[in-house]
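Chain by chain, the residues:
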Amino acid sequence: MPDQMPRRRGAHAWDGLVRGNGAPVTAPIQMLSVDRRFGDHQVIDHLSLAVEQGIIYGFVGPSGSGKTTTVRLLTGVLAPTRGTVLVFGTNPKRLTTRQRERIGYMPQLGVLYPHLSVRDNLAFTASLYGIGRSRRRIREVLEMVELTDARSTKLRDASGGMQRRVALAGALLHRPDLLFLDEPTSGLDPVLRQKLWEHLQRLRDEGETLFLTTQIVSEATMCDRVGLIAHGRLLADGTPDDLRRLAFGGEVVDLRCADLVDAVTLEELRRHPAVSEVRRADSDGRVLRVTVDDAESAGPALTEALHQRGVDVRLAERYQAPFDDVFVALLERRP
Amino acid sequence: MTHALVRLFGVVRKEIVEILRQPGLLIALVVGPLAILLLFGSGVRSVDPAVASLFVAPEDDPEVAEVVRRYADSQSERLTVEGVVQDRDAAMGRLRRGEVELVVIVPSQPLERIEGGERATIEVFHSLIDPLEAQAMQLFTRGAVNDLNDLLLDRAIQETQSREETALEQVQVARDRLSAADRGTFGAAEDVGQLRQDLDAVAEQLDAFVNTDSAIIVAPLEGESSTIGGQLEVSQFYAPAVVALILQHLTLTFIALSVSREREQGSTELFAVSPLRPVERVVGKLVAYLLIGGLLAVVLIAAVALVLGAPLRGGIAPVAVVLALELLASIGLGFLLSHVAKRTLQVVQGAMLLLLLSVFFGGLLLSPERLFPWARPVGWILPMSHALELLRDSMLRGRELALLPLAALAVMAVGLTLLGAILATRSERRA
């Protein structure tokens, strides 16, 4: 099982499908002990997770880690070799038409028709969801993904980034409650990526649940919850802060001192009850990176302790480690 | 120079390895067409198929009827003689209904007409619309006329010899009478009168013979060959085949490509997640390709009728029925092909093999009768072979649709469409 963190909103674990008050959990996505094999190759290994409503759940992992397979298991494209997958409380292979109408899906690869125009592709996608008069809605989503001017462009003539946006527009057309996005930002430039994230967060704020995969580890910070997967195993599952805490054994505070901190002071700092780890964070030895349980309370206490040792602490600030570092640290913790 | 050789060798090696690593491609591209050609080569008969024929002999001329019977019996290799009859109209009715392919009508009293200085005409009617076979039928007519002329000439000579014997007898009687006159025993006026009459008769007989056109004597019959429904241009004959082949090939290729492309580009994944049910998708494709194929059929028929001048002797309704059934069967075949061939490239190869099979065994190049019986079922698996038979009957011969090929095509249309649709739906569900 992955390292589980306390959750920010509506937190629950899989085994808490019934809340303490007896009310059923409304997690639209649930996986329990799911395995998926392709021949002898185990792609998903004992994966359990639950994604509550109204959040962005980022599924982060390196290429080949099992992200797309997980999305395919959740969308019913694949069946698990073992274990249980539920979407809206139903096996995804047996979702009703009404339940499917509540799901939007943007596959990893372009699955639309290269010989059709952007608008024709979207009209076809709209028809799949029973939207008969789709012209207005297509106009809206094209504006949303900034493709209004490219509506008559054939998909084969569109750039990779445009094709990704068309696919996203297709997934949004029918205003789904639950959106599966498989690497939605791959192939997008940073500006478009930023805009896309703003849009995804807006959808989240409107109450939609988003399950997305990404290889761009830094994007994990844009998510409400992050699952870290490698070799088919869920290594960690929690908020970005939770994962940081898990990666470094607590919160991290940077103490910028006026002078070089000597080794004796450093050793005394390590013995401080609030501290779990201290290391120098720069080459001249004036910045100390201290891992603590709670950065908010530990910052003033450590500053005071160093003052008593004659060290002038000019700045104590919480250190937000880049998510790449978090990711590497968590991978290194992998058994 | 060395680097250039390395690069060159790299390209050569890559191409060869790429081909060798795709045994399926090799089989489809080399073994498939070769097998079809071998099958075709060993399935074609070296002799012309026998033509079902009926002879009409004159009712009032038993001798000629006997000659015709003898001739009919001698033609067992080329013809399957269904009988020698006397009713011309009934024989023509059987020809029109397709029960026989050839009717040979021999005129009555051919020898008597010789005496009148005219030739009698053998009428040969056939329903063979293949220009090559129609040409062969003209040759057959010429041969038949020659053969019958020989038989009649033989009979005429026998008859003439018999008459000349009588003439000789008359001459002998005259001689005897003249000898009697020499002896002085011939004197009665009535004897002289009789002698004159005999000589007149002989003279008349010889005069008639001398004045008869020798060409008519040696060839008392002439032949006239005609196709029921009229002659056809080569392009008109091939028009139904072109329609049937193009309709089948394009429809099955389009639908199989459509399914395999969606599978390859991943659209099926989108469908699997969407509310679109597999059966809706399959039925949607079926309806779409019925409409597209229907439009294609209209264009093809209009083109062959207006541009090539192909006739629609049986009317447009039977043609529409046949094309609708062929279209359905081709759609079913397309679904089956897309089920067997998983990738787009395999679909193209499969469609090419089906096209080759259709060209060789579907009745386009050769009529099925020119194949050995064991090779004919190869063509039966193709909707176009049944459609072609029906289209030729209706468009070119103006016949009603024959029950057997119509039933076969209808069974294929329903069976292949259902089977193809069920397999496609199952594949969708599995995907």
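Fair warning: this is a prediction, and the values are worked out from it, not measured in the lab.

Regarding its fold elements, chain A presents ten helices and 14 strands. Along the first, second and third principal axes, the C-alpha set of chain A runs to 75 × 45 × 40 Å. For chain A, buried positions account for 43% of its 335 residues.

All right, on to the domain arrangement of chain A then. By domain assignment, chain A separates into domain 1 (3-245) and domain 2 (249-321). The C-alpha centroid of domain 2 of chain A is placed 41 Å from the C-alpha centroid of domain 1 of chain A.

This part takes up the sheet that holds strand E14 (residues 313-318) of chain A. Residue and element names in this part refer to chain A. The antiparallel open sheet is built from four strands, whose spatial order is E12-E13-E11-E14. If you trace the sheet from one side to the other, it starts and ends with strand E12 (275-280) and E14, each paired once. Direction aside, neighbouring strands of the sheet carry axes that sit 20° apart on average. In this structure, strand E11 (residues 251-257) lies alongside strand E13 (residues 287-292), joined through six bridges in antiparallel fashion. Each bridged residue has a counterpart across the sheet, and for Glu-251 the counterpart in E13 is Val-292.

Before going further, it helps to spend a moment on helix H3 (residues 118-128) of chain A. Residue and element names in this part refer to chain A. Among the residues of H3, Val-118, Arg-119, Asn-121, Leu-122, Thr-125, Ala-126 and Leu-128 are the ones counted as buried. Considering only its buried residues, H3 is in contact with helix H4 (135-144) and helix H5 (160-172). Count one or two residues on from H3 and you reach Gly-130, which has phi positive near 75°.

Let's shift gears to helix H10 (residues 323-333) of chain A. Residue and element names in this part refer to chain A. All of the buried residues in H10 are Phe-323, Val-326, Phe-327 and Leu-330. Axial view of H10: buried residues confined to an arc of 100°, hence all on one face. Opposite its buried face, H10 presents the exposed residues Asp-324 and Glu-332, each directed more than 90 degrees away. Residues of H10 that are buried make contact with strand E4 (56-60), strand E9 (225-230), strand E10 (233-238) and helix H7 (240-248).

With that settled, the discussion passes to the interface of chain A and chain B. Listed as interface residues are 14 residues of chain A and, on the opposing side, ten residues of chain B. Looking at the side of chain A that touches chain B, the elements with two or more residues in it are helix H2 (97-101) and strand E6 (103-106) of chain A. When its residues are assigned to classes, the side of chain A that touches chain B shows eight nonpolar, four polar and two charged.

Residues and elements named next belong to chain B. Domain assignment breaks chain B into domain 1 (51-167) and domain 2 (234-430). Here domain 1 and domain 2 have C-alpha centroids that lie 44 Å from each other. Facing five residues of domain 1, the contacting portion of domain 2 comprises eight residues. Class assignment for the residues of the side of domain 1 that touches domain 2 results in two nonpolar, two polar and one charged.

Glancing now at the sheet that holds strand E2 (residues 29-38) of chain A. Residue and element names in this part refer to chain A. Taken in spatial order, the three strands line up as E3-E2-E5 in an open sheet, and their pairing is antiparallel. Since the sheet does not close on itself, it has two edges, and those belong to strand E3 (41-51) and strand E5 (82-87), each with one partner. Across the sheet, the mean angle separating the axes of adjacent strands is 25° when strand polarity is ignored. Both E2 and E3 contribute to a ladder of seven bridges, which runs antiparallel. Across the sheet, the residue bridging to Phe-38 is His-41, located in E3.

The rules we used
Residues numbered from 1 in each chain as written. Chains lettered and ligands numbered in written order. Predicted model: local features only at pLDDT ≥ 70, side-chain atom pairs only at ≥ 80, totals over all residues. Helix = DSSP H or I, 4+ residues; strand = E, 2+ residues; numbered from the N terminus. Buried ≥ 20, exposed ≤ 12 C-beta atoms within 10 Å, placed from the backbone. Domains from an automatic or database assignment. Pairing = 2+ DSSP bridges. Axes fitted to C-alpha atoms, helices over the stretch in contact; angles between N-to-C directions. Contact = placed C-beta atoms within 7 Å. Arc of directions from axis to C-beta. Nonpolar A, V, L, I, M, F, W, Y, C, P; charged D, E, K, R; others polar.

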